[in-house]
Amino acid sequence: MYQPLPHRQEQLEAQHALIRSHPLGLLISHGPQGLEANSIPFLIDSNASKLGTLQAHMARANGQWRALSEADEVLVVFQGVDHYITPSWYETKRETGKVVPTWNYVMVQARGRPRVIEDVVWLRTQIEALTRSQEGARPAPWAVGDAPEAFIDAQVKAIVGVEIEIVDIAGKWKASQNRPAADRAGVTAGLEAMGDEASLAMASIVREAAPKG
């Protein structure tokens, strides 16, 4: 991933936090059929290995898992908040006119060797943990045990697990850090004026990512 110095996010805690807040990762592998990519939700265990371990499951009917069993490396891409940035927000536009549009975004890419898991106990534990991660904050959270046991058993037989010990992880917070302070102020003001959730989220990231000092 292209990472100019101002946009590098090297704090492992921040990288893992993005994975937790945007768990739908794009799993990319290369096998006999060439490149394959599928979006699946992941959990990350920060304590399982030095850089963390990703855990997920996919449909047994999805042929990608067979390629994973022989793959030396896979790439998982987690896309966070993103937003178009108009040069009209820049003070530099009024000063010199030498500005162009850009796109701000937050992303984490993780690489590792996959392990395919068919153990039913591991699979049941994984789907329960994934469900809790998404249902826990709901007023009346749904649990795997709410469904008939025979139905869940059949569902588990139709999936396979994937575990990826991360060996390399990179974060990119492209959030106007390379712009002068006046331009960054214009970007945050412009985003906040839009008022929608995505705009406000990016405004917060631009403010937090501003160079210190």
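Quick notes on the rules
- The residue numbers shown here count from 1 along each chain, following its written sequence.
- Totals for whole chains, interfaces and linings use all residues, but because this is a predicted model, local features are given only for residues with pLDDT of at least 70 and pairs of side-chain atoms are given and counted only at 80 or more.
- Excluded from the side-chain calculation are hydrogens and water; included are all heavy atoms of the structure.
- What counts as a helix is a DSSP run of H or I of at least four residues, what counts as a strand is a run of E of at least two, and both are numbered from the N terminus.
- Partly exposed describes any residue whose relative accessible area lies between the buried limit of under 20% and the exposed limit of over 50%, with all areas from a 1.4 Å probe on protein chains only and scaled to the type maximum.
- It only takes one pair of heavy atoms within 4.5 Å for two residues to be counted as in contact.
- Note on areas: these come from Shrake-Rupley sampling with a 1.4 Å probe, and a residue is covered only by the protein chains present in the view.
- Positive charges are assigned to Lys and Arg, negative charges to Asp and Glu, while His and the chain termini are left out of the count.
- Throughout, a charge is located at the NZ atom of Lys, the CZ atom of Arg, the CG atom of Asp or the CD atom of Glu.
- When DSSP locates at least two bridges between a pair of strands, those strands are taken to pair.
- Axes, fitted as lines to C-alpha atoms, cover a helix only where it is in contact. Angles between the N-to-C directions of the axes lie from 0 to 180 degrees.
- Working definition: roughly parallel below 35 degrees, roughly antiparallel above 145 degrees, roughly perpendicular at 65 to 115 degrees, and oblique for all remaining angles.
- Crossings are classed by handedness, with left-handed meaning an anticlockwise turn of the near helix from the far one by less than a right angle and right-handed meaning a clockwise turn.
- Gly counts as polar in this scheme, as do all residues outside two lists: the nonpolar Ala, Val, Leu, Ile, Met, Phe, Trp, Tyr, Cys and Pro, and the charged Asp, Glu, Lys and Arg.

Visitor: Before we go on, may I ask you to explain the overall build of the protein in this structure?
Guide: Broken down by element type, the protein carries seven helices and eight strands. Counting only C-alpha atoms and orienting by the principal axes, one finds that the protein spans roughly 65 × 45 × 30 Å. Burial status across the protein gives 46% buried among its 213 residues. Counting contacts in the protein only where the partners sit at least 6 residues apart, residues at least 24 apart contribute 74% of the total. Accessible surface for the protein amounts to roughly 11,700 Å². Of this, 54% is attributable to carbon and sulfur atoms. Of the side-chain charges in the protein, 21 are positive and 25 negative, and the distance between the mean point of each set is 6 Å.

Visitor: Would you take a moment to explain the pairing of strand β6 (residues 74-85) for this structure?
Guide: On any regular strand, side chains alternate: one points to one face of the sheet, the next to the other face. For β6, the buried fraction is high: nine of the 12 residues fall into the buried class. Two strands pair when backbone bridges link them, and β6 and strand β7 (residues 102-117) are joined in this way by 10 bridges, in the antiparallel orientation. From the neighbouring strand, valine 77 faces β7, where its bridge partner is glutamine 109.

Visitor: What is the right way to read the packing of helix α6 (residues 181-194) against helix α7 (residues 197-209) from this model?
Guide: To describe two helices that pack against each other, one gives the angle between their axes and the distance between the axes. Where α6 meets α7, the closest approach of the two axes is 8 Å, and the angle between their N-to-C directions is 160°. One finds that α6 runs roughly antiparallel with respect to α7. Crossing of α6 against α7: the hand is left-handed. The residues of α7 that touch α6, namely those facing Arg184, Val187, Thr188, Leu191, Glu192 and Met194, are Ser199, Leu200, Met202, Ala203, Val206 and Arg207. Classifying every residue of the contact of α6 with α7 gives seven nonpolar, two polar and three charged.

Visitor: What's the story with the environment of glutamine 3 in this structure? I'm lost.
Guide: Looking at where glutamine 3 falls in the secondary structure, it is placed in the segment before β1 (8-9). Apart from residues lying up to four places away in sequence, glutamine 3 is in contact with Arg8, Ala170, Gly171 and Lys172.

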